[in-house]
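Understanding the architecture of this molecule
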Amino acid sequence: MLENGRILRCAAVSALTDMRSTYTWKSWTFAWLARILCQVTLFALIGRLLGSQSSLEYLVVGNSVYITADVVLLVVASTSWERLTGTFPLLASSPSDPFVVLVGRSVQWMLDGIACSSVCLLLLAPVLGVRLPVGAALLSVPIIVVVSISAYAFGLTIGMLALRFMPARNLIGRLASIMLMIVTGVQVPVAFWPGWVRAVSQVVPLTHGLQAVRDVLHGAGAGQVLPNVALELAVFAGWLLIAFLVCRRIFATGRRDGTIEFGG
């Protein structure tokens, strides 16, 4: 456990170094965050066109929380980058568990997603005309953190599967993100969909966490909020286990048939 913790810490430090080399505070704020704010504003304008304050609030809150999952799913692409840079053969021959390394190598997206989502909910929402209780909005941030780790485990799973379809990795990541936007209650209530879509929504990230945020913002008590938070954590645990099993399978197969190569 201590060794895995050390490996995870080193991988996370490497991920944060990647983040610092990708963005300066100016480029993150005025390019990346600005793009995120425009995305949420676009859907808020739909609420304005509908002429309904409740629709406006529904769309602003839904898209603000969704942003953390959308950003975190960049892990699908960044997991593939590890293969493109030739680290997989080294990981396969290392005594450490490759899964632990890969879990830590993309954690920057969680921090990025949490920051973007929190800014949208706490700062952009009032600008768009959605007055959220300050205390409740602040209480929503820990739930956004739970959503981000749940989406991260889901993204790791999709990223591991995308290793078999490297040219389509970005498309796979975007399709996964769009699927979450559609079925998890971001744009329309989950109850809008037929039964099989509602069943899918229960086992993917965001659905339960978003509902918990909505409940908090409407003044619900802990007895109503915490069960949804617990379900979101259960979704996280389930997808993390699947990601672990898929990773084990990929590396075992790669060692056997030599498909873990120094490049894509």
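Residues numbered from 1 in each chain as written. Predicted model: local features only at pLDDT ≥ 70, side-chain atom pairs only at ≥ 80, totals over all residues. Heavy atoms only, no water.

**Some remarks on the layout of surface pockets**
Taken as a whole, the largest pocket spans an internal volume of roughly 280 Å³. Lining the largest pocket are 16 residues, with Leu 8, Phe 99, Val 103, Phe 236 and Leu 240 sitting closest to its centre. Of all elements in the fold, only helix H1 (2–22), helix H6 (98–104), helix H8 (134–162) and helix H12 (222–257) reach the threshold of two or more residues within the lining of the largest pocket. In the lining of the largest pocket, the residues fall into 13 nonpolar, two polar and one charged. (1 Å grid on protein atoms, 1.4 Å probe; cavity = no way out; pocket = protein on both sides within 12 Å on 5 of 7 lines; lining within 4 Å. Points joined across faces, edges and corners; volume = space filled by probe spheres on them. Helix = DSSP H or I, 4+ residues; strand = E, 2+ residues; numbered from the N terminus. Nonpolar A, V, L, I, M, F, W, Y, C, P; charged D, E, K, R; others polar.)

**Description of the packing of helix H4 (residues 75–84) against helix H9 (residues 169–183)**
In contact at an axis separation of 8 Å, H4 and H9 are set at 160° when each is read in the N-to-C sense. Classified by the angle between their axes, H4 and H9 sit roughly antiparallel to one another. For the crossing formed where H4 meets H9, the hand is right-handed. Along the contact surface, H4 presents Val 76, Ala 77, Ser 80, Trp 81 and Leu 84, while H9 presents Arg 169, Asn 170 and Gly 173. Among the residues making up the contact of H4 with H9, the classes are represented as four nonpolar, three polar and one charged. (Axes fitted to C-alpha atoms, helices over the stretch in contact; angles between N-to-C directions. Parallel < 35°, antiparallel > 145°, perpendicular 65-115°, else oblique. Left-handed = near helix turned anticlockwise from the far one by under 90°. Contact = heavy atoms within 4.5 Å.)

**Details of the side chain of Thr 68**
Along the chain, the position of Thr 68 falls in helix H3 (residues 53–72). A distance of 3.4 Å separates the side chain of Thr 68 from the backbone oxygen of Gly 113, its partner in a polar contact. Here Thr 68 is in contact with Gly 113, Ile 114, Ser 117, Ile 144, Val 147 and Ser 148, once residues within four sequence places are set aside. (Polar contact = N/O pair within 3.5 Å; in protein donor to acceptor, adjacent residues only side chain to side chain.)

**Brief notes about the pattern of salt bridges**
Throughout the structure, instances matching the rule amount to five salt bridges. In this structure, Glu 3 engages Arg 6 in a salt bridge whose closest nitrogen and oxygen atoms are separated by 2.6 Å. In this pair, Glu 3 and Arg 6 are both assigned in helix H1, three residues apart and thus about one turn of the helix distant. On the accessibility criterion, Glu 3 (44% relative accessible area) is partly exposed. Taking the relative accessible area as the measure of exposure, Arg 6 reaches 40% and is therefore partly exposed. Linking Arg 105 and Glu 82 is a salt bridge whose minimum nitrogen-to-oxygen distance equals 2.9 Å. One end of the pair, Arg 105, is in the loop between H6 and helix H7 (108–127); the other, Glu 82, is in helix H4, with 23 residues separating them in the sequence. Taking the relative accessible area as the measure of exposure, Arg 105 reaches 16% and is therefore buried. Beyond isolated ion pairs, a larger network of salt bridges with shared partners links Asp 18, Glu 82 and Arg 105. (Salt bridge = Lys/Arg side-chain N within 4 Å of Asp/Glu carboxyl O. Buried < 20%, exposed > 50% of the residue type's maximum accessible area, 1.4 Å probe, protein only.)

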